[in-house]
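Structure assessment
Here is what each chain is made of, one letter per residue.
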Amino acid sequence: MRRAILGSAVALCAAGLLATDAGAPPQVVNLVNGIGLIDYTRKPDFKVGDWVRYHITARSVLGARDDYMVTVVIAGEETFWGEDGFWVESWTEPIDRAPQAIATFMSFAVFGDTLPLPHMTLYQRKSISEVTEDGRPVETLARRPPGSLKARSPIDDQVHWSIDTLGVDTVSVPTGLYQCAKVLTRQGKGAKTDVGDSTLYTEVHDERVTYISRQVPITSLVREDIDYWFQRRTWQIGRSQEAAPMHMMEHSTGTARLVGFGSGMVPRLVPPEKQKMVRAQQAGAPPKPARGPVPAKRAPPRGSG
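Description of the structure in this document.

Cut-offs and rules
Residues numbered from 1 in each chain as written. Predicted model: local features only at pLDDT ≥ 70, side-chain atom pairs only at ≥ 80, totals over all residues. Heavy atoms only, no water. Helix = DSSP H or I, 4+ residues; strand = E, 2+ residues; numbered from the N terminus. Contact = heavy atoms within 4.5 Å. Areas by Shrake-Rupley, 256 points an atom, 1.4 Å probe, with all protein chains shown as cover. Phe/Tyr/Trp six-rings, centres within 6.5 Å; stacked < 30°, edge-to-face > 60°. Buried < 20%, exposed > 50% of the residue type's maximum accessible area, 1.4 Å probe, protein only. Lys NZ or Arg CZ within 6 Å of the ring centre and 35° of its normal. Core = buried A, V, L, I, M, F, W, Y, C linked by side-chain atoms within 4.5 Å. Pairing = 2+ DSSP bridges. Axes fitted to C-alpha atoms, helices over the stretch in contact; angles between N-to-C directions. Salt bridge = Lys/Arg side-chain N within 4 Å of Asp/Glu carboxyl O.

Some words on the overall build of the chain
- What the chain contains, in helices and strands, is two helices and eleven strands.
- Here the contacts in the chain between residues at least 6 apart in sequence split such that 62% fall between residues at least 24 apart.
- Carbon and sulfur atoms make up 53% of the accessible area of the chain, which totals about 17,200 Å².

The structure is reproduced here in structure tokens:
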């Protein structure tokens, strides 16, 4: 059960309302990559064209508001460098801004990882976020930062988190009524930075209540309530005992609700030749010629030179 919970602690973007500096305007979400919504603890039983859609609203104490739809589409499959994977298209459609889209190619090996979400970026192989003038998609290979190849510490080793089950609850969303497992996830991280003659210590906290049902394809997510905040304190370098109390820099809340799912959705970025299952591609490949037994060499006749 613990492994299933970990895989369902998805990362929607109410945190997009975060302002990185006290005087900076609050930021809104322009693009959500749906690879963080997929339930990697369940068997990948989806097919190309399957989709799921969420309505996300969020608000910040700094005055920013967000209201947008996110659609996650299984856009294709292929074998890339000898590895089978699948394309995930994500469409972000704000009510007051232009829609944005991105496609990410993920290795099927992610479904075998016991901590798929913290390790999720390690399974990205390439992406599409733009097209050429004649409409051809531009594929970009995923590359790890050079410094990460030398690091020996685990991924997100400074992130503190806890997960608790809160029993079973019934949730009503536009697609119907669901009996859900209710899960509380808390995550937090702190970091120190020296600026001039001062030290800044910042803490970021993310708390989510997630409602999970395997009746929902691809993501298993019915609803998620998000509470995000970050706080900071400062002190003169070398005088941490004189540090001021923590000051709340930003606080935002949001909700994601399932509004639809189905099959047969046509991708917008992934080219048509990749919009089919790997199994179908393999089935359509010409058969390899059969190789019979190699005939034994005959000994030369007696008396031959």
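Now that the structure has been shown, the text picks up again.
Here's the deal with the packing of aromatic side chains
- As enumerated under the stated definition, the model contains nine aromatic pairs in all.
- When the ring of Phe80 is compared with that of Phe105, the centres are 6.0 Å apart and the planes differ by 80°; the resulting orientation is edge-to-face. Note that Phe80 is positioned in strand β2 (residues 65-80) and Phe105 in strand β4 (residues 100-107), a separation of 25 residues in sequence. Here Phe80 matches Phe105 in class, with each residue buried.
- Ring centres 5.3 Å apart and planes at 50° place the aromatic pair Trp87 and Phe105 in the tilted group. You can see Trp87 sitting in strand β3 (residues 83-94) and its partner Phe105 sitting in strand β4, a full 18 residues away along the chain. For the residue pair Trp87 and Phe105, the accessibility class agrees, reading buried in each case.
- Joined through ring pairs, the aromatic side chains of Tyr40, Phe46, Phe86, Phe108 and Phe111 make up one cluster.
- The ring of Phe105 has Lys126 lying over it, and the distance from NZ or CZ to the ring centre is 5.4 Å.
- Over the aromatic face of Trp91 sits the side chain of Arg268, whose NZ or CZ is 3.6 Å from the ring centroid.

Observations concerning the nonpolar core
- Counting residues in each nonpolar core, the largest one holds 35 residues, and the members touching the most others are Tyr40, Tyr54, Phe86 and Val222.
- Breaking this core down by element, the ones donating at least two residues are β1 (51-60), β2, β3, β7 (160-173), β8 (176-195), β9 (198-212), β10 (221-236) and β11 (247-262).
- Per-element accounting of this core gives the leading share, four residues, to β2.
- In this structure, Ala75, Ala103, Phe105 and Leu269 belong to the second largest nonpolar core, which totals eight residues.

Digging into the sheet that holds β4
- Spatially, β6-β5-β4-β3-β2-β1-β11-β10-β9-β8-β7 is the arrangement adopted by the eleven strands of the open sheet, whose pairing is antiparallel. Edge positions in the open sheet fall to β6 (137-141) and β7, since each of these has one partner strand only. Taking the axes of each pair of neighbouring strands and ignoring which way they run, one obtains an average angle of 20° across the sheet.
- Both β2 and β3 contribute to a ladder of twelve bridges, which runs antiparallel. Looking at the pairing, Glu77 lines up with Phe86 of β3.

Details of the pairing of β3
- The element β3 is extensively covered by neighbouring structure, given that nine of its twelve residues are classed as buried.
- Across eight bridges, β3 lies against β4 in antiparallel orientation. Paired with Trp91 across the bridge in β4 is Ala101.
- Following β3, the chain reverses through five residues before pairing antiparallel with β4.

Observations regarding the pattern of salt bridges
- With the rule as written, the count across this model stands at 17 salt bridges.
- For the salt bridge of Arg136 with Glu273, the shortest nitrogen-to-oxygen distance reads 3.3 Å. Separated by 137 residues along the polypeptide, Arg136 in the loop between β5 (124-131) and β6 and Glu273 in the loop between β11 and α2 (278-284) bring together distant segments of the chain.
- In this structure, the salt-bridge partner of Arg208 is Asp206, at a minimum N-O distance of 2.6 Å.
- Among the residues examined, Asp206 registers a relative accessible area of 11% and is labelled buried.

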